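# Residue-level structure breakdown
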Amino acid sequence: MARTAAKAQKPATEPPLGRKDWIDAAIVMLAEDNVEALRVDTLAEKLGVTKGSFYWHFKGRDDLLFAVLDEWRLRMTSEIQSLILDRSGTPWERLERLLRIATSSRPDVPGGPFEMTLRDWARRNPKVAAVVRDVNAERVRFLQQLYREAGLEGRDVEDYAELHMAFVIGTRITVDPADRDEINRRRRIGIALILPRERAVRKS
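Calculation criteria
- Residues numbered from 1 in each chain as written.
- Predicted model: local features only at pLDDT ≥ 70, side-chain atom pairs only at ≥ 80, totals over all residues.
- Heavy atoms only, no water.
- Helix = DSSP H or I, 4+ residues; strand = E, 2+ residues; numbered from the N terminus.
- Rg over C-alpha atoms; globule rule 2.2 N^0.38 Å.
- Buried < 20%, exposed > 50% of the residue type's maximum accessible area, 1.4 Å probe, protein only.
- Contact = heavy atoms within 4.5 Å.
- Areas by Shrake-Rupley, 256 points an atom, 1.4 Å probe, with all protein chains shown as cover.
- Lys, Arg positive; Asp, Glu negative; His and termini not counted.
- Charge placed at Lys NZ, Arg CZ, Asp CG, Glu CD.
- Phe/Tyr/Trp six-rings, centres within 6.5 Å; stacked < 30°, edge-to-face > 60°.
- Salt bridge = Lys/Arg side-chain N within 4 Å of Asp/Glu carboxyl O.
- Core = buried A, V, L, I, M, F, W, Y, C linked by side-chain atoms within 4.5 Å.

## Considering the overall build of the protein chain
The helix and strand inventory of the protein chain stands at nine helices and zero strands. For 204 residues, the compact-globule estimate of 2.2 N^0.38 gives 17 Å, and the protein chain exceeds it by more than 25% at 22 Å. Seen through its principal axes, the protein chain has C-alpha atoms that stretch 90 × 50 × 30 Å. In the protein chain, which comprises 204 residues, the share counted as buried stands at 45%. Looking at the protein chain alone, contacts between residues at least 24 apart form 69% of all its contacts between residues at least 6 apart. Total accessible area on the protein chain is roughly 12200 Å²; 52% of this is exposed by carbon and sulfur atoms. Of note, the protein chain has its 36 positive side-chain charges centred 3 Å away from the centre of its 32 negative side-chain charges.

See below:
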């Protein structure tokens with residue numbers, strides 16, 4: 001008599017979602033809509049899980065939103081600084097790399113749709129506004145460092161750092177992220193406006 005067939009194994013289940021999975025999914029949603037539109041049940045549906053999974057990681061919707069804000073702060077400061085500084089190249093090449101990142105089609109880059117949603121939220125929430133101000137200041141300090149290393153001096157360092165920030169934030173407001181030709185045109189404009197190699201001091 002043939003041996004009794006082995007018990008069928010249960011199909012492997014998908015690994016449970018982690019905290020970062022919820023944050024990343026929220027970022028995608030916030031790049032497409034405003035903060036008010038972010039709902040836990042909608043997010044759970046998009047992720048294919050129940051709301052119970054959400055409460056393993058967050059106390060509630062506000063807890064998720066501020067976790068997303070912390071993630072944005074990290075990406076816009078220490079992470080992007082490491083990305084720029086860890087690669088070889090001249091200071092001007094680093095500044096241009098920073099501009100290329102900001103004018104890419106990704107929604108979570110500096111000045112991208114995700115950031116615009118957070119800036120809109122900051123207009124109505126003082127705690128968020130304080131975080132945005134801190135991130136702005138840190139980004140300007142980093143830009144000043146790069147312009148100084150590139151050879152600019154005095155007020156030029158401050159002025160071009162502010163201009164760089166204003167261009168990155170402002171240029172994405174009126175452009176369709178899917179319009180690659182227009183994004184490339186804005187990038188060329190940015191290179192002409194905020195990479196003034198001719199103003200660099202030649203150091204002996």
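## Here we look at the packing of aromatic side chains
Inspection of the entire model under this criterion finds six aromatic pairs. Summarising the aromatic geometry, the rings of Trp22 and Phe54 are spaced 5.3 Å apart at their centres and angled 75 degrees between planes, so their arrangement reads as edge-to-face. Within this pair, whereas Trp22 is found in helix H1 (residues 19–32), its partner Phe54 is found in helix H3 (residues 51–54), the two being separated by 32 residues in sequence. When sorted by exposure, Trp22 lands in the same class as Phe54, which is buried. Between the aromatic rings of Tyr147 and Tyr160, the centroid separation amounts to 6.0 Å while the plane-to-plane angle is 40 degrees, which identifies the pairing as tilted. Taken together, the positions of Tyr147 in helix H7 (residues 126–150) and Tyr160 in helix H8 (residues 154–171) put the pair 13 residues apart, joining distant regions of the chain. Owing to a relative accessible area of 0%, Tyr147 belongs among the buried residues under this scheme. Looking at Tyr160, the relative accessible area reads 15%, which means it is buried.

## Considering the environment of Leu83
Inspection of the secondary structure assignment puts Leu83 in helix H4 (residues 61–85). Given the relative accessible area of 43%, Leu83 is considered partly exposed. Placed eleven residues apart in sequence, Leu83 and Arg94 show a C-alpha to C-alpha distance of 9.7 Å.

## Quick word on the pattern of salt bridges
Counted under the stated rule, the structure contains 18 salt bridges. The shortest N-O distance in the salt bridge between Arg75 and Asp24 comes to 3.3 Å. Here Arg75, found in helix H4, pairs with Asp24, found in helix H1; they are 51 residues apart in sequence, far enough to count as distant. The buried category is assigned to Arg75, whose relative accessible area is 16%. A salt bridge links Arg155 to Glu158; its shortest N-O distance comes to 3.7 Å. Pair noted here: Arg155 and Glu158 are both in helix H8, with a separation of three residues, about one helical turn. Under the relative-accessibility criterion, Arg155 is labelled exposed at 59%.

## Comments concerning the environment of Arg188
Mapped onto the elements of the fold, Arg188 is located in helix H9 (residues 180–194). Accessibility expressed as a relative area gives 54% for Arg188, which makes it exposed. With 121 residues separating them along the chain, Arg188 and Ala67 place their C-alpha atoms 35 Å apart.

## A look at the nonpolar core
General note: in soluble globular proteins, nonpolar side chains tend to be found buried as a group. In terms of nonpolar packing, the biggest core is built from 32 residues, with Trp22, Leu38, Leu43, Leu64, Val68, Trp72 and Phe114 touching the most fellow members. Of all the secondary-structure elements, those providing two or more residues to this core are H1, helix H2 (40–47), H4, helix H6 (113–122) and H7. If one sorts the elements of this core by residue count, H1 sits on top with eight residues. If we skip the residues at most four places from it in the chain, Leu64 touches Trp22, Ile23, Ala26, Leu38, Leu43, Phe54 and Phe58.

Functional significance is not addressed by these values, which are geometric in nature.
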